[in-house]
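Remarks on the overall topology
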Protein chains: 2
Amino acid sequence: MKHIYFFSKGESEGNSSMKELLGGKGANLAEMAGLGIPVPPGFTLSTEVCRYYDEHDGSYPDSLGEELKENLCKLEKATGKRFGDPSNPLLVSVRSGAAVSMPGMMDTVLNLGLTDETAKGLIATAGNERFAYDSYRRLVQMYGDVVLGLRPQSETDIDPFEKLLGTLKARKGVKLDTELDVSDLRELVALFKAAIREQLRVEFPQDPAKQLWGAITAVFKSWNNPRAIKYREINEIHGLIGTAVNVQAMVFGNMGERCGTGVAFTRNPATGENLFYGEYLMNAQGEDVVAGIRTPQPIETLRNVFPKVYSELTDIREKLEDHYHDMQDVEFTIEDGNLYILQTRAGKRTAAAAVRMAVEMARDGTIDKQEALLRVTPEHIEQLLHPTFDPQEEQKAIQLTKGLPASPGAATGAVVLSAEEAEKAVQEGEKVILVRVETSPEDIGGMHVAEGVLTARGGMTSHAAVVARGMGKCCVAGAGEIAIDYNAATVSVGGHTINRGDSISLNGSTGDVYLGEIPTIAAELSGNVGTLLAWADEIRRLGVRANADTPQDAATAVKFGAEGIGLCRTEHMFFEEGRIVAVREMILADDETGRREALNKLLPMQRSDFEGLFRAMEGRPVTIRFLDPPLHEFLPHNEEGQREVAQVIGVSAEQVREKVDALHEFNPMLGHRGCRLGITYPEISEMQVRAIIEAACNVHTEGIAVLPEIMVPLVGSVKELILQRELIEHIATDVLAGRGLTKKDIPYMIGTMIEVPRAAITADEIAQEAEFFSFGTNDLTQMGCGFSRDDAGNFLKDYVVKGIYAHDPFQVLDQNGVGKLVEMACKLGRKTRPDIELGICGEHGGEPSSIKFFHGIGLDYVSCSPYRVPIARLAAAHAVLKE
Amino acid sequence: MKHIYFFSKGESEGNSSMKELLGGKGANLAEMAGLGIPVPPGFTLSTEVCRYYDEHDGSYPDSLGEELKENLCKLEKATGKRFGDPSNPLLVSVRSGAAVSMPGMMDTVLNLGLTDETAKGLIATAGNERFAYDSYRRLVQMYGDVVLGLRPQSETDIDPFEKLLGTLKARKGVKLDTELDVSDLRELVALFKAAIREQLRVEFPQDPAKQLWGAITAVFKSWNNPRAIKYREINEIHGLIGTAVNVQAMVFGNMGERCGTGVAFTRNPATGENLFYGEYLMNAQGEDVVAGIRTPQPIETLRNVFPKVYSELTDIREKLEDHYHDMQDVEFTIEDGNLYILQTRAGKRTAAAAVRMAVEMARDGTIDKQEALLRVTPEHIEQLLHPTFDPQEEQKAIQLTKGLPASPGAATGAVVLSAEEAEKAVQEGEKVILVRVETSPEDIGGMHVAEGVLTARGGMTSHAAVVARGMGKCCVAGAGEIAIDYNAATVSVGGHTINRGDSISLNGSTGDVYLGEIPTIAAELSGNVGTLLAWADEIRRLGVRANADTPQDAATAVKFGAEGIGLCRTEHMFFEEGRIVAVREMILADDETGRREALNKLLPMQRSDFEGLFRAMEGRPVTIRFLDPPLHEFLPHNEEGQREVAQVIGVSAEQVREKVDALHEFNPMLGHRGCRLGITYPEISEMQVRAIIEAACNVHTEGIAVLPEIMVPLVGSVKELILQRELIEHIATDVLAGRGLTKKDIPYMIGTMIEVPRAAITADEIAQEAEFFSFGTNDLTQMGCGFSRDDAGNFLKDYVVKGIYAHDPFQVLDQNGVGKLVEMACKLGRKTRPDIELGICGEHGGEPSSIKFFHGIGLDYVSCSPYRVPIARLAAAHAVLKE
């Protein structure tokens, strides 16, 4: 069995398909070497050696020693140097490299092969004594730390080597390492070696082979160090057998003026423009570029400094893009005028760049459209849809606290502490951030006009978060550190007291909250995104609708490519001013007559809303859900509010309070809501059907096609649907007949939400009465898993950390549980009614992995908030491409 | 096609198997006639005639007239009289009779065939003019009402005939009908006929054939009168095609001193004793027995009065029991010394009688054991298990209001308004009724000591109702009319104000609430019940366990035949004095260390509880559930209580309030409870396992076998169970090792509740970790149907009325929905682990129709409250017998 794979320019035992075995870095080095790209020669000990090491208590396969010797020989031949040669020593780096990149998590040793003896050879060949001793002291320091374990024992300890370095610099009266001279560095080597001897009772090895074995073992060991394990846990990296170890000849960019180092991207990673992009530093090491002490030069200036190297580099750029068909991020070093490529990988890119490159590469035939679609992630599209802070300004801002990134985007404005204040301030031309302990349906008006919403309580799926995402509004939720004093109109956090009217800024993509204003960069759907999404539309089979409650939302949805409205929540209309009074009159009425009177006032308003929706959707289907929330949500819960309502409606405050008490429920989630309202008070459903069908008739008369889908919520038993269906058909037939129209003119459909587990289980029965199902996966998750969305914050985070659920099931569909209910309901529904229309309108309708699942079980469409429609379009195409 | 079936002693065209066609009454008359029992001859128009009549707008089959004539001829022959014969007229009764008895719902006409002419014949043959005119005026009155429709038009109207009768009596200065003489009665006939003529503009028909057709049609019509329809709805009588009509020769018990009428039971229907039982009146009609004006004589005195008739009657008694193999309820009339049997049917009986007769008949070989078991209903057993009020005393008591019959039994005691008062009063030797707006877990101590519980709010499955049934304690819940003023310590209802300390009485079987004390009759499980239940045990395959939290409950359970404990709710132990302090310390602790300290105080208490349980159960399995309710249930929610707790524990009241606020949940049902507590605070589960296993070791050492089944509640994902199982095994192994024992000594099992829909759906995965499933059908109903048990009262009644659910799904398992989840989980669980133990411990475990379902899907056992164990044993046997 082969354990070590050699690579050198034009000669390679591995390639990029061998990532499992050679790790990402090793496989790519082998691939580049195979392509004739000048990588420093070296070899890779495979991940299987790591596994062997782990499974055999730290011992190695018998043949490994022999193989290592052979490969060292080859390496000596390729470099013309010899390991341990006092005159022309071969120096190597020893680096980790797993199949999945885990930057900074495992160990590395550089300059390996230097000893008291070989240091002299390095002085001779490099012609630079200071460089040689600087390299040597770095090796001793790194080796002492990584291999021998001389390192801080607690977080408050100072690194023992840095301490010695600091003492020396203080003694010498210098500030920078670079100010130390040869003799200082030589002294430092001696001090470092002495520290190792005294503190560890071992000698720094003067045998290069012993150094090499030590470093290799240290890297393999680091695979299972606690931070690497933690990293894999957090990043959900599973199924890897270990890390590979790359032993590679050292090349130095800091050996003199004919040396340098740099990073290049084959295209601009910020914009995607097809121009060579990068920067470099002469006489420097890679870490100098990162440290930021010296300012790197733009890559194009290299053309004048090192014309040959520049030309070689642009050739390599072309070769790499030709080979990988993707933008590459390349690290290079120039040693004594020779170019070496240390690493290439697909370059990280901004969302805008990802889209532009994908579209341009597809246009010029580098990749096909399908590949182009796969190059862009749903997250990229999401980024493009929200305004963002100017990153430099954000870095400078004073951070107040961090909450949950509940709804992405960036927002800046004056603090207001109630929805009314928000509406008033915005009318006066101010931009505001609504800050609440938590929001409730009564706050929707204020949320709508605010730039962003900040709450002290609630999770990613709290009311604030869900509504804000629905509106495409920036929201930071559950910022537990803030203390809101509504009476004093102040917000306190981390020693700051913010008064009403003071400016704050929210980053809804990270959860950061800042003091003061931060300038934002506006979002735009550029032409390339449009092109890409059109390609997505060609490929996807899943329809994409939007959840939209108003004509404005509907218009946004259409702009973003929605093919219909999958959910219009009629109750959102009930909160608008002028309506809420009638709604409250209805609730407070003593009898059906009183309720009908109040409903008669609502009818023309609802009708006009629906007309607006139908017009905006121009013949696309519009799914309208009957009133869903429990009635107490429409009444104020504080005394003052109740007094006001009493006054407006003309009843006693006592009556209002009694009604609120009577409507109180221990578990409102499982209470008197959904179709249960329409069953208890059929007159509410009657009014809503009448409004829908009358609106449909009116818009039909204008020559616009109308496709209403009337949706009954929270059905648990087919008998509920039978009762509501009879009522709908009765009223609809009545209204149509009054206009001289028939169902042919207004081909309305009647269907139901599937959001109660019992409905999913008895979907075969329910399908007898339902022309469509729309899965309400939010409630189905709540009832299926037994989690209240409002309360689960207390334990759900912990559940995700403990791996009980891989993700928050309110964000990512719990396919194994709730998904099974959805799948079961689809099968049962189709058994009864093969042409039943199946959609989903829960939060998961805009979440890519959930969309893939919905595609897989054959739903007809997903419906999500208008701002997620483009994301869903791409995710639906991905679902096809990943089949 | 034959429409009419003739019967006469010894000659019969029908029999008792033809109930569908002839109705219950007709089939039984035919059967008796066939047996040679002297029934008055007659014939039955079949239910198919009724259907024809309904489906053909009130017309009859063509051949019916001819058939009717033929049968009239036969009847004339059998009686030796002729219909319409002025000298010896045949008189008949016309009665309804459907396949299922609907007493009083449909119409009857008696004495039909009397006219001005035939009345004279009746005078001649009966030799009693007064009797003849009394009979005639009754016919005119009944016919006028039933056939012609002269009746009160509203509830406040007086019956027109009664009005005339009243006027006449007033004029005559008499009080009783019997005081009217011949001429009065003759005048009355004239007055009645005139009233019909004047008010309806028709004549009372003087043609007997016309009378007959009119009466037959009136009876058929009455099948669909509103009260009959309502009756069938309420009593869930479905699938009948109509009523039959029985035309039968009249016999009179009121024609003179050689006449009489009576009712007899072949055994004593109150006690079940095998003695002829009944009463009779000489010279009387059936209605005179009911009216209670004259006191009937015991049946045995008939032996002296009419030896021949008595001997005939005892022969018939024997013949009927021989034939029907059941106690019969017989109506008889003696006309001129001749005995006629008018009706026989299985007699209604008390619970005690049902059991005694079933056992005695099985013992003497009349029926087999299986039939004996089927003769006793679960409701009979239930009646036998609760004390009841002395019925006569109850009738005299002043009723205050009526609530829901939440937990059966009878209770009398002094009103107390809090659990503390209850406990204090009982310590002082008082008997109390706990009256609360609603109860909460904090009230359990008070409920335990009270005689009964009365609440103003909450339904059949409210906290009060469920806990009371669990305790076998009388409870009336949701008595909405009572107003409780905790401050004034008064209860107001219907004008009465009851002070703390005043006595009231509750009938938990009817929901009636009375003022003052009513003496009760104690319940007892007599020898016959024991015998019967032993027979049930021989037959049933379903195991029966009890839900029991204390050694006392466990002892009761064993006494009632429980084969194990299916559910021990450990939290009930937490509420006891001395413990609640430690529980609260744990909740209020800032960190794990603080929680562990508090838990260490609880450990010895829990251990001792479990020791008590294990001893009481003597080797039977004991299923112990980990702490289940949300923690806020252990903290007081009012300011005063919080202050007290703060003082006891030594923290600030503010801290207690903050904790209560922090633990507040919008939907506690779906919140941080069940195994979620054990996942977040593993130290709680650890303490509980330690207590269980240490107790098991201690009791094992005493030489008593112990079978603990450790149950993890509210599992939704197998990963929760994995975590808890690891913890359990770790602690258990540790404790056992410390005692030098192994799992062979204490063969504990680890399993889970299946009460979250997701658990049912993923039961195959969960069964990998669970040795048993126990279905928590209460929560499974809540989550599966999306009903909160505490709130559903608002709409669930309406749902049952509208037929959306046939029954309250918290009382009777929703087999079609929740039942499917249970069935699915059983199949999935057995697929993974064929020998998995399957039980159910929800409320439905004691409900007969649900037990039948659980038997059908092959559960191993049901578990219910100790007081329902006998019911479950019988129901489980019935499930086998009805397979």
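Residues numbered from 1 in each chain as written. Chains lettered and ligands numbered in written order. Predicted model: local features only at pLDDT ≥ 70, side-chain atom pairs only at ≥ 80, totals over all residues. Heavy atoms only, no water.

Let's talk about the overall build of chain A
When its secondary structure is counted, chain A shows 36 helices and 32 strands. The buried share among the 883 residues of chain A stands at 58%. Pairs at least 24 apart in sequence give 68% of the contacts found in chain A among residues at least 6 apart. With the model as given, the accessible surface of chain A reaches about 35300 Å², and the carbon-plus-sulfur share is 48%. (Helix = DSSP H or I, 4+ residues; strand = E, 2+ residues; numbered from the N terminus. Buried < 20%, exposed > 50% of the residue type's maximum accessible area, 1.4 Å probe, protein only. Contact = heavy atoms within 4.5 Å. Areas by Shrake-Rupley, 256 points an atom, 1.4 Å probe, with all protein chains shown as cover.)

Let's talk about the pattern of salt bridges
Following the criterion strictly, the structure yields 116 salt bridges over all chains and no others. One continuous salt-bridge network, built from bridges that share partners, spans A:Asp134, A:Arg137, A:Arg138, A:Lys169 and A:Asp177. (Salt bridge = Lys/Arg side-chain N within 4 Å of Asp/Glu carboxyl O.)

Regarding the packing of aromatic side chains
For any pair of aromatic rings, the description rests on two quantities: the centre-to-centre distance and the angle between the ring planes. What the rule picks out here adds up to 42 aromatic pairs over all chains. Ring centres 4.9 Å apart and planes at 80 degrees place the aromatic pair B:Phe131 and B:Phe252 in the edge-to-face group. Of this pair, B:Phe131 sits in helix α5 (residues 129–146) while B:Phe252 sits in the loop between β6 (244–249) and β7 (260–265); the two residues are 121 residues apart in sequence, bridging distant segments of the chain. Neither residue differs from the other here; B:Phe131 and B:Phe252 are each classed as buried. The ring of A:Tyr133 has A:Arg186 sitting right over it, with the charged end atom 5.1 Å from the ring centre. Sitting over the ring of A:Tyr748, A:Lys743 keeps its end group 4.5 Å from the ring centre. (Phe/Tyr/Trp six-rings, centres within 6.5 Å; stacked < 30°, edge-to-face > 60°. Lys NZ or Arg CZ within 6 Å of the ring centre and 35° of its normal.)

Side note on the relation of the copies chain A and chain B
Structural alignment of chain A on chain B gives an RMSD of 0.3 Å, achieved by rotating through 179 degrees and translating 0.1 Å along the axis. Look at the turn and shift together and you get a two-fold axis relating the two. Of the C-alpha atoms belonging to chain A, the one lying closest to the rotation axis is found on A:Asn667, 1.9 Å away. Most of the interface of chain A is mirrored in chain B, where 100% of its interface residues are also at the interface. (Least-squares fit on C-alpha atoms with pLDDT ≥ 70 in both.)

Some points on a negative patch on the surface
On the surface, a cluster of negative charge is contributed by A:Glu420, A:Glu423, A:Glu442, A:Glu577, A:Glu640 and A:Glu644. Locating A:Glu423 in the fold gives a position in helix α17 (residues 419–427). (Patch = residues over 30% accessible without salt bridge, like charges linked within 9 Å, V, L, I, M, F, W, Y side chains within 5 Å. Lys, Arg positive; Asp, Glu negative; His and termini not counted. Charge placed at Lys NZ, Arg CZ, Asp CG, Glu CD.)

A closer look at the packing of helix α4 (residues 116–126) of chain A against helix α5 (residues 129–146) of chain A
All names here are of chain A. For the pair α4 and α5, interaxial distance at closest approach is 8 Å and the crossing angle is 145 degrees. When you trace α4 past α5, the crossing you get is right-handed. Residue-level inspection shows Asp-116, Ala-119, Leu-122, Ile-123 and Ala-126 of α4 in contact with α5, the latter providing Glu-129, Phe-131, Ala-132, Tyr-133, Ser-135 and Tyr-136. (Axes fitted to C-alpha atoms, helices over the stretch in contact; angles between N-to-C directions. Left-handed = near helix turned anticlockwise from the far one by under 90°.)

Thoughts on the interface of chain A and chain B
On the chain B side, the residues contacting the 48 residues of chain A number 48 residues. Buried area between chain A and chain B, both sides added, is near 4300 Å², and the carbon and sulfur share of it is 53%. Where chain A touches chain B, the interface holds two salt bridges. Put simply, chain A and chain B have 26 residue pairs in polar contact (both at pLDDT 80 or more) between them. Within the side of chain A that touches chain B, the residues separate by chemical class into 20 nonpolar, 15 polar and 13 charged. (Buried area = accessible area lost by both parts, 1.4 Å probe. Polar contact = N/O pair within 3.5 Å; in protein donor to acceptor, adjacent residues only side chain to side chain. Nonpolar A, V, L, I, M, F, W, Y, C, P; charged D, E, K, R; others polar.)

A closer look at the confidence of the model for chain A
Residues shown with low pLDDT carry predicted positions that ought not to be read at fine detail. Across chain A, the average pLDDT comes to 92, with 98% of residues at 70 or higher. Scoring the predicted complex yields pTM 0.79 and, for the interface, ipTM 0.79. (pLDDT = per-residue confidence, 0-100.)

Considering the state of the cysteines
All names here are of chain B. For the structure shown, the criterion picks out zero disulfides over all chains. Just so you know, Cys-475 is unpaired, no disulfide at all, and the nearest cysteine sulfur is the one on Cys-474, 7.1 Å from it. Left unpaired, Cys-841 is separated from the closest cysteine sulfur, that of Cys-864, by 11 Å. Assessed through its relative accessible area of 5%, Cys-841 is described here as buried. (Disulfide = S-S within 2.5 Å.)

Looking at unusual backbone geometry
Across the chain, the bulk of peptide bonds are trans and the bulk of non-glycine residues have phi less than zero. Residue and element names in this part refer to chain B. Here Arg-201, not a glycine, exhibits a phi torsion of approximately 60 degrees, which is positive. Relative to the assigned elements, Arg-201 resides in the loop between α7 (182–200) and α8 (208–222). On the basis of relative accessible area, Arg-201 is assigned to the exposed category, the value being 72%. The backbone of Glu-618 shows a phi angle near 45 degrees, a positive value even though the residue is not glycine.

Quick notes on the pairing of strand β28 (residues 707–712) of chain B
Residues and elements named next belong to chain B. Taking burial as the measure, the six residues of β28 include five buried ones, the bulk of the element. Pairing between strand β27 (residues 621–625) and β28: five bridges, direction parallel. When the bridges of β28 are listed, Pro-621 appears paired with Leu-707. Across four bridges, β28 lies against strand β29 (residues 749–754) in parallel orientation. From the neighbouring strand, Met-711 faces β29, where its bridge partner is Gly-751. One crossover worth recording links β28 to the parallel β29 by way of helix α29 (residues 718–738), and it is right-handed. (Pairing = 2+ DSSP bridges. Right-handed = clockwise from strand over helix to strand, strands pointing away.)

Remarks on the environment of B:Glu571
Residue and element names in this part refer to chain B. By secondary structure assignment, the location of Glu-571 is in helix α22 (residues 570–574). Its relative accessible area of 6% is what places Glu-571 among the buried residues. Discounting chain neighbours no more than four positions away, the residues touching Glu-571 are Arg-625, Phe-626, Leu-627, Asp-628, Pro-629 and Phe-634. A polar atom in the side chain of Glu-571 sits 2.9 Å from the side chain of Arg-625.

Observations concerning helix α29 (residues 718–738) of chain A
Over its 21 residues, α29(A) extends 30 Å from the first C-alpha to the last, a length consistent with the 30 Å expected when each residue adds 1.5 Å. Buried within α29(A) we find A:Val718, A:Glu720, A:Leu721, A:Gln724, A:Arg725, A:Leu727, A:Ile728, A:Ile731, A:Ala732, A:Val735 and A:Leu736. Among the structural elements, α27 (675–680), α28 (682–701), β28 (707–712), β29 (749–754) and α31 (763–766) of chain A together with α33 (793–801) of chain B are those in contact with the buried residues of α29(A). (Expected span 1.5 Å × (residues − 1).)

Some thoughts on helix α9 (residues 226–234) of chain B
All names here are of chain B. Among the residues making up α9, those that are buried are Ala-228, Tyr-231 and Arg-232. Summarising the axial view, the buried residues of α9 lie within an arc of 95 degrees, below the 170-degree limit, and thus occupy one face. The exposed set on the far side of α9, more than 90 degrees from its buried face, consists of Pro-226, Glu-233 and Ile-234. In this structure, the buried residues of α9 make contact with α8. Glu-236 occupies a position one or two residues after α9 and carries a positive phi of about 50 degrees. (Arc of directions from axis to C-beta.)

Brief notes about the pairing of β27(B)
Residues and elements named next belong to chain B. The element β27 is extensively covered by neighbouring structure, given that five of its five residues are classed as buried. Alternating residues of β27 divide into Pro-621, Thr-623 and Arg-625 and Val-622 and Ile-624, and every residue in both groups is buried. Pairing geometry for strand β26 (residues 565–569) and β27, over three bridges, is parallel. Opposite Arg-569, over in β27, you have Arg-625 as the bridge partner.

Thoughts on the side chain of A:Asp134
Residue and element names in this part refer to chain A. Residue placement: Asp-134 occurs in helix α5. We classify Asp-134 as buried; its relative accessible area is 11%. A polar contact is formed between the side chain of Asp-134 and the side chain of Arg-137, at a distance of 3.1 Å.

Examining the sheet that holds strand β15 (residues 410–416) of chain B
Residues and elements named next belong to chain B. Strand order in the open sheet formed by eight strands is β13-β23-β22-β15-β16-β17-β18-β14, and the pairing between neighbours is mixed. This sheet does not close on itself; its edge strands, each paired only once, are β13 (398–402) and β14 (404–407). Sheet twist, expressed as the average angle between the axes of neighbouring strands with direction ignored, equals 30 degrees. Sheet analysis places strand β17 (residues 452–455) next to strand β18 (residues 474–477), joined by three bridges and oriented parallel.

A word on the packing of helix α13 (residues 351–363) of chain B against helix α20 (residues 527–539) of chain B
Residue and element names in this part refer to chain B. For the pair α13 and α20, interaxial distance at closest approach is 9 Å and the crossing angle is 65 degrees. Here the hand of the crossing between α13 and α20 comes out left-handed. For the pair α13 and α20, contact is made by Val-355, Arg-356, Ala-358, Val-359, Ala-362 and Arg-363 and by Asn-528, Val-529, Thr-531, Leu-532 and Trp-535, respectively. Along the lines of polarity and charge, the residues of the contact of α13 with α20 split into seven nonpolar, two polar and two charged.

Considerations on the sheet that holds strand β2 (residues 11–12) of chain A
Residue and element names in this part refer to chain A. Pairing within the open sheet is antiparallel, and its six strands lie in the order β2-β1-β3-β6-β4-β5. One side of each edge strand has no neighbouring strand; the edge strands of this open sheet are β2 and β5 (108–112). Where strand β3 (residues 42–45) lies against strand β6 (residues 244–249), four bridges are found, and the strand directions are antiparallel. Counterpart to Phe-43 in the pairing with β6 is Val-247. Packed onto the sheet, helix α1 (residues 19–34) meets β1 (4–8), β2, β3, β4 (92–97) and β6 and runs at close to 35 degrees relative to β6.

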